[in-house]
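Inside the fold
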Amino acid sequence: MPGSLRIGKVIGIDLYIHAGWLIILVLLTWSLASDRFVQLAPTWAGSTYWITALITSLLFFVSVLAHELAHAWLTQAHGLKIARMTLFIFGGNEDLESPPRSVGSELQIALIGPCASLLIAGLAYLLALPFAGTGTPEEAVLDYLAFINLSLALLNLLPGFPLDGGRIMRALLWKWSGDYRQAARAATLAGQGCAYLLIVLGIGSFFFGHFFYGLWTIFIGWFLLSAAQAAHMQTLIQTALHEVTVQHAMNVAAVTVPANISLQKLVDEYFDPLKLSSAFVVQGGYLAGQITLMEVHQVPHEQWGKTPVGYNMRLKEQLLVATPEQSLSAVLQAMVARGIDLVPVVEDGLLVGVLSLESVIAYLQHRCVQQAIQ
Ligand SMILES: [Zn+2]
């Protein structure tokens, strides 16, 4: 996802944080220090407000992480793989490598997140009891954690995808109708409905004097809207490409280069005249790897004449490789998730075609024209 930063690997999952988190950190720290904590304890020193607010914001981040890791842990316990996770206030955008599998496991995976948030809320509430009425920073932090985790659980239970409540709705609709794609479309439409509702509520609160609360609600609604719209678009594409396999959309006449030619010959006879910046490398028809202008330019120019392509290419083990029978929408999803625009299509080791975003668009245009003629 664009605008995300990798922060590490947890239980085998590459963890990213969404750039929006920085805005949240600033907005939350500011609203706590200048509004909520001032009302709770008007006599603190000025710096105490800001330090307590920053610690609270960071603990809020840890709470969201715990919520998302609970989903991820159970997802993996159900035997599904998660390649990466992008952390946000809701729907951690877990990039599943395989689509959902049964209504029961969907429901459990969706419910465990809000349960984790409720558990943290209960724990913070109990820990806050000894400090009740003292007006200390301990009371302020624990009190807020109890409140925000309860809010997080309730927000995530709203019935619209990508919120957990939307996943529950999708699973139940799927169970009743038996049509997963239809259920997914309905859940993403409901997600957009929830987002508009939050935005309207936020604007209302803003004008009725609840400045920070209103700002928060508008912000969350706006992010939910873009996430729900993206998810809706994805379900529409999945429906349009239903039963379409890679072989329908691959280019069988893509240019390939032999592994034993020099980089100089590659540039002179392939890249420059054909205006290419990348090509798949073959050895006797078998896929060996991929060479791009970037790898060519890693070698000093005077050595291009005596460096074979095969010596400096990216090996096929490092590439995303498709087979002709694979579902096109699944491969497209993997391409988008990994930011790849060119995928070799291989059958028994032999390169039989190349799938690119251009070849997919060409296929879709061809199909539209065919449908218009019929
Ligand atoms: Zn969740």
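The structure presented is a predicted model; accordingly, all values stated were derived computationally and were not measured.

**Observations concerning the overall build of the protein**
Each helix and strand counted, the protein has 13 helices and ten strands in total. Seen through its principal axes, the protein has C-alpha atoms that stretch 80 × 55 × 40 Å. The buried share among the 374 residues of the protein stands at 45%. Of the roughly 19200 Å² that the protein leaves accessible, carbon and sulfur atoms contribute 65%. Mean positive and mean negative side-chain charge positions of the protein (18 and 24 charges, respectively) differ by 4 Å.

**As for the coordination of the zinc ion**
In the first shell of the zinc ion, the protein supplies H67 (NE2), H71 (NE2), D164 (OD) and D164 (OD), at 2.0 to 2.5 Å from the metal. Geometry at the zinc ion is irregular, judged from the four donor atoms that bind it and their angles of 56 to 153° at the metal. Between consecutive donors of the zinc ion, the numbers of intervening residues give the motif H-x3-H-x92-D. Here H67 is found in helix α2 (residues 46-77), whereas its partner D164 is found in helix α5 (residues 164-177), with 97 residues between them in sequence. Neither residue differs from the other here; H67 and D164 are each classed as buried.

**A short note on helix α6 (residues 180-207)**
Over its 28 residues, α6 runs 41 Å from end to end, which matches the ideal 40 Å to within 8%, given 1.5 Å per residue. Two or three places before R181, at the opening of α6, D179 has a side-chain oxygen 3.2 Å from that residue's backbone nitrogen. Just beyond α6, the residue with positive phi is G209, at close to 100°.

**Notes on the layout of surface pockets**
There is about 790 Å³ of room inside the second largest pocket. Lining the second largest pocket are 27 residues; nearest its centre among them are F147, I148, S151, Y213 and W216. Elements represented by at least two residues in the lining of the second largest pocket include exactly α1 (20-40), α4 (137-156), α6 and α7 (211-240). In terms of residue count, the dominant contributor to the lining of the second largest pocket is α4 (eight residues). A breakdown of the residues in the lining of the second largest pocket according to their chemical character gives 19 nonpolar, six polar and two charged.

**Regarding a nonpolar patch on the surface**
The grouping of I51, I55, L59 and V62 at the surface amounts to a nonpolar patch, some 330 Å² of accessible area in total. When you line up the elements, V62 lands in helix α2.

**Examining the domain arrangement of the protein**
Looking at the assigned domains, one finds that the protein contains domain 1 (4-240) and domain 2 (246-373). Look at where the C-alpha atoms of domain 1 and domain 2 centre, and you get two points 40 Å apart. In this assembly, four residues from domain 1 lie in contact with four residues from domain 2. Interface area for domain 1 against domain 2, summed over the two sides, is near 370 Å², with a carbon-plus-sulfur share of 40%. Of all residues in domain 1, the largest losses of buried area upon contact with domain 2 belong to Q234, Q238 and A240, amounting jointly to 66% of the total for that side.

**Let's talk about the packing of α5 against α6**
The geometry of a pair of packed helices is captured by two quantities: the angle between their axes and the separation between those axes. Taken N-terminus to C-terminus, the directions of α5 and α6 make an angle of 145°; their axes are 8 Å apart at the nearest point. Here α5 runs over α6; the crossing is right-handed. Of the residues in α6, those in contact with G166, M169, R170, L173, W174 and S177 of α5 are Y180, Q182, A183, A184, A186, A187 and A190. For the contact of α5 with α6, the per-class residue count stands at nine nonpolar, three polar and one charged.

**Topic: the packing of aromatic side chains**
Going through the model one piece at a time under the given rule, you end up with twelve aromatic pairs. An angle of 65° between the planes, with centres 5.1 Å apart, marks the rings of W222 and F223 as edge-to-face. Residue W222 is classed as exposed on the basis of its relative accessible area, which comes to 52%. Here the basic side chain of R36 rests over the ring of F147, its NZ or CZ set 4.8 Å away from the ring centre.

Rules behind the numbers
Residues numbered from 1 in each chain as written. Predicted model: local features only at pLDDT ≥ 70, side-chain atom pairs only at ≥ 80, totals over all residues. Heavy atoms only, no water. Helix = DSSP H or I, 4+ residues; strand = E, 2+ residues; numbered from the N terminus. Buried < 20%, exposed > 50% of the residue type's maximum accessible area, 1.4 Å probe, protein only. Areas by Shrake-Rupley, 256 points an atom, 1.4 Å probe, with all protein chains shown as cover. Lys, Arg positive; Asp, Glu negative; His and termini not counted. Charge placed at Lys NZ, Arg CZ, Asp CG, Glu CD. Donors = N, O, S within 2.8 Å, 3.2 Å for Na, K, Ca; no water. Tetrahedral: all angles 85-135°; square planar, octahedral: opposite > 155°, others 65-115°. Expected span 1.5 Å × (residues − 1). Polar contact = N/O pair within 3.5 Å; in protein donor to acceptor, adjacent residues only side chain to side chain. 1 Å grid on protein atoms, 1.4 Å probe; cavity = no way out; pocket = protein on both sides within 12 Å on 5 of 7 lines; lining within 4 Å. Points joined across faces, edges and corners; volume = space filled by probe spheres on them. Nonpolar A, V, L, I, M, F, W, Y, C, P; charged D, E, K, R; others polar. Patch = residues over 30% accessible without salt bridge, like charges linked within 9 Å, V, L, I, M, F, W, Y side chains within 5 Å. Salt bridge = Lys/Arg side-chain N within 4 Å of Asp/Glu carboxyl O. Domains from an automatic or database assignment. Contact = heavy atoms within 4.5 Å. Buried area = accessible area lost by both parts, 1.4 Å probe. Axes fitted to C-alpha atoms, helices over the stretch in contact; angles between N-to-C directions. Left-handed = near helix turned anticlockwise from the far one by under 90°. Phe/Tyr/Trp six-rings, centres within 6.5 Å; stacked < 30°, edge-to-face > 60°. Lys NZ or Arg CZ within 6 Å of the ring centre and 35° of its normal.

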